[in-house]
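Spelled out from the first residue to the last, the chains are:
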Amino acid sequence: MSEQQRKKLESETMALQKLQKEYSTLVASRQKLDSQLQENTLVSNEFKLLDDGARVYKMIGPVLVPQDKAEASANVEKRLEYITEELGRIEKRITQQAKEQEEKSVSIFKLQMDIQGISKA
């Protein structure tokens, strides 16, 4: 194996490891957003069950502060929209990362095959 091939294989492997690390970070972000989406969906459903005159409180630090139900409901709906948009964006990035990982893996495999082919000849 030539020095140039070894360096190329090493750099390709490091690039693949970097892609895998980014991928795992994206998956963790998606899981976090999924849990936030479920939580906010539950809150939204609970707001729908409340009467219009019901008292709603918002926790700010250690204090519960009264808040208008309509305002609180609107905030939750905006949060749901934002989370849904972020999930879509992250899903696209995860798909892109998976494709890049696959391409990099194939590239590394071909490079390894070339190196073995040369060393066998």
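This text goes with the structure placed above it.
These numbers come from a predicted model, not from an experiment. (Residues numbered from 1 in each chain as written. Predicted model: local features only at pLDDT ≥ 70, side-chain atom pairs only at ≥ 80, totals over all residues. Heavy atoms only, no water.)

Student: Any chance you could explain the nonpolar core here in plain terms?
Tutor: Nonpolar side chains tend toward joint burial in soluble globular proteins. Core analysis: the biggest nonpolar cluster contains seven residues, these being Leu26, Val27, Leu33, Ile83, Leu87, Ile90 and Ile94. Elements supplying a minimum of two residues to this core: helix H1 (3-49) and helix H2 (69-120). Broken down by element, this core gets its largest block of residues, four residues, from H2. Once residues within four sequence positions are removed from consideration, Leu33 is found in contact with Ile83, Glu86, Leu87 and Ile90. (Core = buried A, V, L, I, M, F, W, Y, C linked by side-chain atoms within 4.5 Å. Buried < 20%, exposed > 50% of the residue type's maximum accessible area, 1.4 Å probe, protein only. Helix = DSSP H or I, 4+ residues; strand = E, 2+ residues; numbered from the N terminus. Contact = heavy atoms within 4.5 Å.)

Student: Please explain the side chain of Asn40 as it appears in this structure.
Tutor: Within the element layout of this structure, Asn40 appears in helix H1. The class for Asn40 is buried, based on a relative accessible area of 7%.

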